[in-house]
Amino acid sequence: MARGFAPGKCILFGEHAVVYGHPAVAVAIDSGVRVSIEESREWTLEGMPFEPSRHPHISHILNRVFQYDGTPLRMEVESDLFSAAGLGSSAALSNAIGAALQAHINPGQPLDPIALARMGHSAEAMAQKGRASPTDTATSALGGCIVVSGEHVQGTRHVFDAELETPEGLREWSINTVELPDNLSEAWLVIGFTGEMSSTGKMVAGVANLLEEQPELRDEMDAIAKITSAGLTAMSAGNLEAIGMAMDACHEKLRLLGVSSPSLESLVEAARPHSLGAKLTGSGGGGCMIALARDPQRVAEAIEVAGGKPLVSRLGAPGVRLLED
Ligand code: PMV
């Protein structure tokens, strides 16, 4: 049996501003998606007959990427990520299935995380009508801390470039990593799920409309870019207090762009007294918030009391990998 695991992700800084060419910073988290694959007499997914049209990411990777025409497969998928919550669960699924399939077809061959990131990105693009940023798939594949930007960002190491022909024309991204100093492991990321699913497409369109009505809000985008840069400097220096302050500041700007929600506000408010910083993460309007904390249990309890579902993670977990039996 071949088994692959790929982590989910959280955006620490730069969501929404990245749509306007500014950098975004994401980290891989401990939770993710596990996929196991073995030969079988029939095609099955989680014990049910596999229907390719209902699983576009899986069928894209099987048919388009690997052009698999071998023996039918029994596929099992387990996820400990909240789905449709901004944690990159579809990207993690694509990467984990890509890893497991590669190990099934070429046992013993090491994984190529960049090839998996590209594969996952093409699956996301196909499933999302040609519009997908490589943030989720690159973070899940490479692990650690990733900066996605229209251009190279100082203090980062360039890993690869991604491009995609979208309905709005060709889009290009530079994918970079940041070395995280050891002392960052003194703090934990506490994710709080509001229980409300959110649509990235709708939230991005809402911000575009708001900017058209109130062009002066473009200043808030530039402010997010400055906060992202300060946050990155704080991360590279291992300055936990400064990372937390940048997270708080980023949240205030995202509120002004109208992407927070009453449930996100209540979880952020509950987490703040016990955290270094807290903010919504991803597209907003529901989904998740994150807090940086030295005592993650306390923050997780505060989030739970406020009605959220907590998940604790290291800041920058390892990327896609094969699992031993
Ligand atoms: O909620 P998520 O993880 O889908 O994050 C979306 C991030 C945005 O900046 C809002 C959109 C994008 O394409 O980068």
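Since this is a predicted model, take the numbers as computed values, not measurements.

(A) Region of the structure containing the overall build of the protein. Counting its secondary structure elements, the protein contains nine helices and 13 strands. Here the C-alpha radius of gyration of the protein, 19 Å, is about what a compact globule of 325 residues would show, namely 20 Å. Taken along the three principal axes of its C-alpha coordinates, the protein extends 55 × 45 × 35 Å. Looking at the protein as a whole, 53% of its 325 residues qualify as buried. Intrachain contacts of the protein at a sequence separation of at least 6 include 75% that bridge at least 24 residues.

(B) Summary view of helix H9 (residues 296-305). For H9, every residue scored as buried is listed here: Pro296, Val299, Ala300, Ala302 and Ile303. What you see down the axis of H9 is that its buried residues fit within an arc of 160°, all on one side. Seen from the buried face of H9, the exposed residues on the opposite side, beyond 90 degrees, are Glu304 and Val305. In this structure, the buried residues of H9 make contact with strand S9 (188-193), helix H8 (262-271), strand S11 (288-293) and strand S12 (309-313). Remark: Gly307 follows H9 within two positions and exhibits a positive phi of approximately 100°.

(C) Just a negative patch on the surface, in detail. Residues Asp161, Glu163, Glu165 and Glu172 make up a contiguous surface patch of negative charge. Take Asp161: it is sitting in strand S7 (residues 157-166). For Asp161, a relative accessible area of 45% puts it in the partly exposed group.

(D) Region of interest: the pairing of S11. Among the six residues in S11, six count as buried, and that is most of the element. Burial of S11 is two-sided: the residues Cys288, Ile290 and Leu292 facing one way and the residues Met289, Ala291 and Ala293 facing the other way are all buried. With six bridges connecting them, S9 and S11 associate as antiparallel partners. Opposite Phe193, over in S11, you have Cys288 as the bridge partner. Where strand S10 (residues 277-281) folds back on S11, the antiparallel hairpin that results is connected by six residues, among which Gly282 adopts a positive phi of roughly 85°.

(E) Representation of the environment of Asp161. Through-space distance from the C-alpha of Asp161 to that of Leu311 is 31 Å; in sequence the pair is 150 residues apart. Ignoring anything within four residues of it in the chain, the contact list for Asp161 reads Arg118, Trp173, Ser174 and Ile175.

(F) Region of interest: the packing of helix H3 (residues 113-127) against helix H4 (residues 135-142). Orientation of H3 relative to H4, taken along the N-to-C sense of each, is 150°, at an axis distance of 8 Å. Taken together, the axes of H3 and H4 lie roughly antiparallel to each other. The handedness of the crossing between H3 and H4 comes out as right-handed. On H4, the residues that touch Pro113, Ile114, Ala117, Gly120, His121 and Glu124 of H3 are Asp136, Thr137, Ala138, Ala141 and Leu142.

(G) Quick peek at unusual backbone geometry. Here Glu46, not a glycine, exhibits a phi torsion of approximately 50°, which is positive. With respect to the helices and strands, the residue Glu46 is situated in the loop between strand S3 (44-45) and strand S4 (48-49). Residue Ala84 is not a glycine yet carries a positive backbone phi of 50°. For Ala84, the position within the fold is in the loop between strand S5 (73-79) and helix H2 (89-105).

(H) Main features of the UniProt feature "domain: GHMP kinase C-terminal" (unreviewed entry) in the protein. Sequence positions flagged by UniProt for "domain: GHMP kinase C-terminal" (unreviewed entry) are, in local numbering, residues 234-304. Along residues 234-304 one finds 56% helix and 15% strand; the C-alpha atoms at either end are 29 Å apart.

(I) Representation of the packing of aromatic side chains in the model. Tallied over the full model, the rule gives three aromatic pairs. Ring geometry for Trp43 and Tyr68: centres 5.9 Å apart, planes at 90°, overall edge-to-face. In this pair, Trp43 sits in the loop between strand S2 (24-39) and S3 while Tyr68 sits in the loop between helix H1 (56-65) and S5, placing the two residues 25 residues apart along the sequence. Residue classification places Trp43 among the partly exposed residues on the basis of a relative accessible area of 29%. Residue Tyr68 is classed as buried on the basis of its relative accessible area, which comes to 15%.

Each value, and the rule that gives it
Residues numbered from 1 in each chain as written. Predicted model: local features only at pLDDT ≥ 70, side-chain atom pairs only at ≥ 80, totals over all residues. Heavy atoms only, no water. Helix = DSSP H or I, 4+ residues; strand = E, 2+ residues; numbered from the N terminus. Rg over C-alpha atoms; globule rule 2.2 N^0.38 Å. Buried < 20%, exposed > 50% of the residue type's maximum accessible area, 1.4 Å probe, protein only. Contact = heavy atoms within 4.5 Å. Arc of directions from axis to C-beta. Patch = residues over 30% accessible without salt bridge, like charges linked within 9 Å, V, L, I, M, F, W, Y side chains within 5 Å. Areas by Shrake-Rupley, 256 points an atom, 1.4 Å probe, with all protein chains shown as cover. Salt bridge = Lys/Arg side-chain N within 4 Å of Asp/Glu carboxyl O. Lys, Arg positive; Asp, Glu negative; His and termini not counted. Charge placed at Lys NZ, Arg CZ, Asp CG, Glu CD. Pairing = 2+ DSSP bridges. Axes fitted to C-alpha atoms, helices over the stretch in contact; angles between N-to-C directions. Parallel < 35°, antiparallel > 145°, perpendicular 65-115°, else oblique. Left-handed = near helix turned anticlockwise from the far one by under 90°. UniProt positions renumbered as here; feature names shortened; annotations may be inferred. Phe/Tyr/Trp six-rings, centres within 6.5 Å; stacked < 30°, edge-to-face > 60°.

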